[in-house]
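Topology and contacts: notes
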Amino acid sequence: ALLLDEPTNHLDLESIGWLEKFLHEYKGTMIVISHDRHFLNAITTSIADIDYDTIIMYPGNYDAMVVTKTSSRD
């Protein structure tokens, strides 16, 4: 398993591209903490939204999670 905390901090675009490619080829489990929406959209297949004492799992990337989360508030 890989645990990555803000892995794109201090990386240039070429390095981020390399990391995204590496992670796509990685066959294990990853836990990624990041504020980089583009990076999350590129590498995630599910999102665990941790809010106070609740964890909600969303399938898909970051943008899919935002759509699902906002539509459930209506």
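Let us look at the structure shown here. It should be emphasised that the depicted structure is a prediction, and the values quoted were computed from it without experimental measurement.

1. Things to note about the nonpolar core
One finds L4, I16, L19, L23, F39 and I43 forming the largest nonpolar core, which totals six residues. At the level of elements, α1 (13-25) and α2 (37-43) are the ones that each hand at least two residues to this core. Counting residues per element, this core draws most heavily on α1, which supplies three residues. What F39 contacts, discounting residues up to four positions off in sequence, is P7, T8, I16, L19, E20, L23, V32 and S34. The next biggest cluster of nonpolar side chains, apart from the first, holds five residues, and it includes L40, I47, Y58 and M65.

2. Examining the pairing of strand β2 (residues 30-33)
Examined bridge by bridge, strand β1 (residues 2-5) and β2 share four bridges and lie parallel to one another. Looking at β2, one finds that L3 is bridged to I31. In this region the chain leaves β1, passes through α1 and returns to the parallel neighbour β2; the handedness of that crossover is right-handed.

Calculation notes
- Residues numbered from 1 in each chain as written.
- Predicted model: local features only at pLDDT ≥ 70, side-chain atom pairs only at ≥ 80, totals over all residues.
- Heavy atoms only, no water.
- Core = buried A, V, L, I, M, F, W, Y, C linked by side-chain atoms within 4.5 Å.
- Buried < 20%, exposed > 50% of the residue type's maximum accessible area, 1.4 Å probe, protein only.
- Helix = DSSP H or I, 4+ residues; strand = E, 2+ residues; numbered from the N terminus.
- Contact = heavy atoms within 4.5 Å.
- Pairing = 2+ DSSP bridges.
- Right-handed = clockwise from strand over helix to strand, strands pointing away.

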